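For reference, the chains in residue letters:
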Amino acid sequence: MRYLILSDIHSNLEALETCLAVAEGRYDRVLCLGDLVGYGPDPNAVTGRTRELAEAVIRGNHDKACAGITDAEDFNSLARVSTFWTRDELHPEHLAFLRNLPQGPLVLDGFELVHGSPLDEDEYIVGPLQALPALAHLAVQAGFFGHTHHQGGFVLGPKGQFQSIRDWILHQEAEHLEDDAQRVTLKLEDGTRYLINPGSVGQPRDGDWRAAFAIFDDAKREVEYYRTPYNLFQTQEKMEKAGLPEPLILRLTIGR
Ligand code: ZN
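With that settled, consider the overall build of the protein chain. What the protein chain contains, in helices and strands, is 9 helices and 13 strands. Compactness check: the protein chain gives a C-alpha radius of gyration of 17 Å against a globular reference of 18 Å for 256 residues, within 12% of the reference. When the backbone C-alpha atoms are referred to their principal axes, the protein chain occupies close to 50 × 40 × 30 Å. The buried share of the protein chain, reckoned over its 256 residues, is 59%. If you take every contact in the protein chain between residues at least 6 apart in sequence, the share linking residues at least 24 apart comes to 71%. By element, 50% of the accessible surface of the protein chain is carried by carbon and sulfur atoms, the whole surface being about 10,800 Å². The averaged location of the 39 negative side-chain charges in the protein chain is 2 Å from the averaged location of its 24 positive side-chain charges.

Set out below in structure tokens:
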């Protein structure tokens, strides 16, 4: 089975549609690691599209805040503005869908899905300090997480070797695909544990503005990491028209 793994779409319809077009024909099932909404201009279209496509979706911190489960008090002022704008914008059926999303970790077909960390759905796994306890806590060989918007993840080898997959990806020669998309493939080794971050579809923060996603092939034991350019100007224009804060519009350009 080939799983298309989407995370942190953040109401960016152009990025989502481009990822789906690049992934076309390469996957069997769709999974989503949360943060469908928040920041971007298309919360309804993105929630609707994800609902029709994904077989499993877990909630992210922005889904909780936009659905009114949390009050967004721990968000910075820009995120709070976008949260309240999104709440007003969302149709009642989409709000209800977001409110009822399950909390991770969700164990599915022998791997784990979480938004933040297997230990805490809202924790950011940014380095070894958070990754090592999370890797030790994994009940299965591989877990998929999002939340940081950094494509890659972390590896713990059988002798205790620790590695950042982001660093590894940056040293690989990417395969060039149609429409300027790129792919790097990671082979999963027996006895090694993986926390895999597919990257953010709609608001990357790893210094690369291109939309990110991953495809996991559980028969081949391979994870493919993809990056694809999308129509950024269109998204930014919609954000401007919606009156969303300028720093949120600009950050999409630099991927931070
Ligand atoms: Zn997010």
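Next comes the rest of the description.
Attention now goes to the sheet that holds strand β12 (residues 211-217). Taken in spatial order, the 7 strands line up as β3-β2-β1-β12-β13-β10-β9 in an open sheet, and their pairing is mixed. Only two strands of the sheet have a single partner each, and these edge strands are β3 (56-57) and β9 (175-176). Pairing of strand β10 (residues 182-187) with strand β13 (residues 222-228) involves 6 bridges; the strand directions are antiparallel. Bridge pairing in β13 links Q182 to R227.

The contact between helix α1 (residues 13-23) and helix α2 (residues 43-53) brings their axes to 9 Å, and the two run at 30°. Between α1 and α2, the angle falls in the class roughly parallel. For the element pair α1 and α2, the recorded crossing hand is left-handed. Contacts between α1 and α2 pair L13, L16, E17 and L20 from the former with A45, V46, R49, T50 and L53 from the latter. Among the residues making up the contact of α1 with α2, the classes are represented as 6 nonpolar, 1 polar and 2 charged.

Attention now goes to unusual backbone geometry. A cis amide bond links G104 to the next residue, P105, at an omega of 0°. With phi around 75°, Y39 is a residue other than glycine that occupies positive phi space. Within the fold, Y39 resides in the loop between β2 (29-32) and α2. For H149, which is not a glycine, the phi torsion comes out positive at approximately 65°. Positionally, H149 belongs in the loop between β6 (142-144) and β7 (152-156).

With that out of the way, let us pick up helix α5 (residues 92-99). Inspection of α5 places H94, L95 and L98 among the buried residues, and these make up the whole buried set. Seen along its axis, α5 keeps its buried residues to an arc of 105°; they face one direction. Where α5 is buried, its residues contact α2, α3 (61-66) and α4 (77-89).

Reading the values: rules and limits
- Residues numbered from 1 in each chain as written.
- Predicted model: local features only at pLDDT ≥ 70, side-chain atom pairs only at ≥ 80, totals over all residues.
- Heavy atoms only, no water.
- Helix = DSSP H or I, 4+ residues; strand = E, 2+ residues; numbered from the N terminus.
- Rg over C-alpha atoms; globule rule 2.2 N^0.38 Å.
- Buried < 20%, exposed > 50% of the residue type's maximum accessible area, 1.4 Å probe, protein only.
- Contact = heavy atoms within 4.5 Å.
- Areas by Shrake-Rupley, 256 points an atom, 1.4 Å probe, with all protein chains shown as cover.
- Lys, Arg positive; Asp, Glu negative; His and termini not counted.
- Charge placed at Lys NZ, Arg CZ, Asp CG, Glu CD.
- Pairing = 2+ DSSP bridges.
- Axes fitted to C-alpha atoms, helices over the stretch in contact; angles between N-to-C directions.
- Parallel < 35°, antiparallel > 145°, perpendicular 65-115°, else oblique.
- Left-handed = near helix turned anticlockwise from the far one by under 90°.
- Nonpolar A, V, L, I, M, F, W, Y, C, P; charged D, E, K, R; others polar.
- Arc of directions from axis to C-beta.

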